[in-house]
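Close look at the chain arrangement
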Amino acid sequence: MVIPKLGRSPSIRDRVEDTLSAHRNELVALLSRYVAQGNGILQPHHLIDELDNIVGDDVGRQKLSDGPFGQILKSAQEAIVLPPFVAIAVRPRPGVWEYVRVNVYELSVDQLSVSEYLHFKEELVDGMFNDYYVLELDLEPFNATFPRPNRSSSIGNGVQFLNRHLSSIMFRNKESLEPLLDFLRAHKHKGHVMMLNDRIQSISRLQSALVKAEDHLTKLPPEAPFGEFEYEFQGMGFERGWGDTAQRVLEMIHLLLDILQAPDPSTLEKFLGRIPMVFNVVILSPHGYFGQANVLGLPDTGGQVVYILDQVRALESEMFLRIQKQGLDVTPRILIVTRLIPDAKGTTCNQRLERVSGTEHTHILRVPFRTEKGILRKWISRFDVWPYLETFAEDAASEIAAELQGIPDLIIGNYSDGNLVASLLASKLGVTQCTIAHALEKTKYPDSDIYWKKFDDKYHFSCQFTADLIAMNNADFIITSTYQEIAGTSLPKTVAPWYYEVKNTVGQYESHTAFTLPGLYRVVHGIDVFDPKFNIVSPGADMCIYFPFSEVEKRLTALHGSIEKLLYDPEQNEEHIGMLNDRLKPIIFSMARLDHVKNISGLVECYAKNAKLRELANLVVVAGYNNVKKSNDREEIVEIEKMHELMKNYDLQGQFRWISAQTNRARNGELYRYIADTKGIFVQPAFYEAFGLTVVEAMTCGLPTFATCHGGPAEIIEPGVSGFNIDPYHPDQVAAVMVDFFEKCKEDPSYWNKISDGGLQRIYERYTWKIYSERLMTLAGVYGFWKYVSKLERRETRRYLEMFYILKFRDLAKSVPLAIDDQH
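First things first, this report covers the structure right here in the doc. Fair warning: this is a prediction, and the values are worked out from it, not measured in the lab.

**Structural notes on the pairing of strand 26 (residues 705-708)**
On a regular strand, each side chain points to the face opposite its neighbour's, so the side chains alternate between the two faces of the sheet. Where strand 25 (residues 681-684) meets strand 26, 3 bridges bridge the pair, whose relative direction is parallel. Across the sheet, residue Phe682 finds its bridge partner in strand 26, namely Thr705. Between strand 25 and its parallel partner strand 26, the chain crosses via helix 26 (residues 693-700), and the hand of that crossover is right-handed. The sheet contact formed by strand 26 and strand 27 (residues 724-726) spans 3 bridges and is parallel. Bridged to Ala707 within strand 27 is Asn725.

Right, dumping it as structure tokens:
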């Protein structure tokens, strides 16, 4: 038997040089076409498209396409053209990058470092320059010894990796278990000792006490309350926190005995998840109008507000349940810290404290934006908040301390502004920090890094990208809704087998691995997507509001009159315009903010241009305002004008209804179900969607859903089983998919039910708030433990980030103009 030789995989440079040898003519023709386009950035589709246009015989072209260079192009994310050079950024798999540059005139090939590639890219903006002393941000040296997985399929499963790592360390010897003992002994809440008291000073003493406790508990009825054996337990060295009954305490003792004898990851996670650690939680979400009524659809106010309100209800319920099972008499508190807006536009955003409905001890705590000139009264865009956040964080710290009479156990940031404030507070208070991005703007706006100066007056991305880097590196753990949010695609087969290698796009976090803001700084290692801080924890929909249309006894039929008025009332006003003449047709329905990325106007245009689709179904959208004068949002105004043009140019009267943003969630839930009654569909046409909460809402109501393939919905939906993925960049294909669906439903009415049922099954398996809150509490426990026992609080990284914040971010924030209140 011949044993094959093991050799290293050829580098990207090797592959290009091999192709130059084997297919010189075709490769030179292709690269010359790139160079002929002049200075610029070529996107992946440009690189592939040019393959079909090269001059030469079909066989040679096919060999080039199928060969090593063809594979490089399929993995390429961009090419920088500066004649005679073409530099290509290649991503063989998520989180792994290589850079190569070809001189087309001399046919020479260079492998480039990250820094060299970014330097070359900067010449697009600055031309040739020889300043080698550019500020470079490189966080890799701080993480060099930090444990991390190396398989792309492990990305987003950080807690599982950490548990494996921790349990393997604990298995070495008894001394390795000492940090666990210290951790259990350190537990206190408001001065009250929990878990272990001073009687237990060593691992051997702990083991013997556990065996003694086990023997005592087996003689008691399983339901015996902790109070009945508390005195005996204290004598053995145990305090409250193990459980509320003999059975639960015994389960905890068995888990700990198993860990002490033979640690394994799942037992460790289960045990840590049951230790009482989190009683007070602070959630940061400064921008927009954060309230419970009359806010949805207002500028910068949408899915994030819904997400957080649903999150805290589920989280409080889970905290109550855990505290009860732990046998403790503690009241959990959750504070949602947001901005107080004096000019509240009919909302409660000018109230300091507001209890969240459906909870007992969760409140919205509002803190104003202020400067030396006083409190800012009006709403400002999320892109303009940067100069206010440092003072906001200081004021919020005082308000939080007053409300909680102490410090929180966990701080959760949301979006760029909330995550920056969470970083400032967590560093100040020494508290575990969780980051939730929702959407990182860098991936939404192509080339917004290299050409940041073009965007900065309007969006201030230099502040935002800097804040994002600080927050994601400062966080103890990061929650994302999807794998793509971290590392894009191709998705590992374990995440979405139906989507494997269909697309090759960069993740939101991955896009912060290496980039440049010419003239400001260059990021050569900003974030590592293999970092075990990343965890995928998908949210759900509030099942009190969103439930299947088939659950007739729960249906809100009292709202049908107002829903029918929204859909069919002939009056044209600021709430609804357009008409639906044929009420027997199914309805294509969409609901989103009215901005460029959400692409509602793109859906309207797609529908308007397809005569067959217009014949088969009506279109109804709920989005923004229909009157330009009502909006003060720059993007929304552009979209409003575009919508009116489409209605006029395509004569949509009789087939299209535009309803202004609706803030009544209960009615919105019933509206989904009403659309389902018409055998309609829900469409989410965004150019990019980080997760897709409306997708989950629609599917939870049993409405067949067609959603963008760019972002989270690609993981939520199994095409043809639980819905359909659509590509908004190809609207003709989107229309064709919808036409095909409606025609199939006409031929076989059960087909609609099949997709509806498939969507519901998918939701129940993966996307509920119950699953989410259980996971979040377990993560808080595991990372709290990891932070304590490892003594690796990433202190060096945080000091580096502090310097970056003070020397860079502060000046950038000061450059953002302060808002001026309207004169009353």
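**Re the environment of Arg794**
Within the secondary structure, Arg794 sits in the loop between helix 30 (769-790) and helix 31 (795-814). For Arg794, a relative accessible area of 12% puts it in the buried group. When residues no more than four places from it in sequence are discounted, the contact partners of Arg794 are Asn143, Phe146, Asp531 and Lys533.

**As for unusual backbone geometry**
Looking along the chain, the bond that leaves Pro83 and enters Pro84 is cis, with omega of 10°. Topologically, Pro84 is positioned in the loop between strand 2 (76-82) and strand 3 (85-93). Positive phi values are uncommon outside glycine, yet Lys190 reaches one of about 50°. Structurally, the position occupied by Lys190 is in the loop between strand 7 (188-189) and strand 8 (192-193). A positive phi is found at His438, a non-glycine position, where the angle reads about 65°. Note that His438 resides in the loop between strand 16 (432-436) and helix 17 (441-444).

**Structural notes on the pairing of strand 15 (residues 410-414)**
Counted residue by residue, strand 15 has 5 buried out of 5 residues, so it is predominantly covered. Sheet topology places strand 9 (residues 280-284) next to strand 15; 4 bridges connect them, and they run parallel. Residue Val282 lies in a different strand from strand 15, and its bridge partner there is Ile411. Relative to strand 16, strand 15 runs parallel, the two being bridged by 5 bridges. From the neighbouring strand, Leu410 faces strand 16, where its bridge partner is Thr432. For the handedness criterion, the β-α-β arrangement of strand 15, helix 16 (residues 415-429) and strand 16 is classed as right-handed.

**A look at helix 28 (residues 731-747)**
Its 17 residues place the ends of helix 28 25 Å apart at the C-alpha level, agreeing with the 24 Å of an ideal helix rising 1.5 Å per residue. Among all positions of helix 28, only Val734, Ala735, Met738, Val739, Phe741, Phe742 and Cys745 are buried. Take helix 28 and look down its axis: the buried residues cluster within an arc of 160°, on one side only. Seen from the open side of helix 28, the exposed residues pointing more than 90 degrees away from its buried face are Asp732, Gln733 and Glu747.

Definitions and cut-offs
Residues numbered from 1 in each chain as written. Predicted model: local features only at pLDDT ≥ 70, side-chain atom pairs only at ≥ 80, totals over all residues. Heavy atoms only, no water. Pairing = 2+ DSSP bridges. Helix = DSSP H or I, 4+ residues; strand = E, 2+ residues; numbered from the N terminus. Right-handed = clockwise from strand over helix to strand, strands pointing away. Buried < 20%, exposed > 50% of the residue type's maximum accessible area, 1.4 Å probe, protein only. Contact = heavy atoms within 4.5 Å. Expected span 1.5 Å × (residues − 1). Arc of directions from axis to C-beta.

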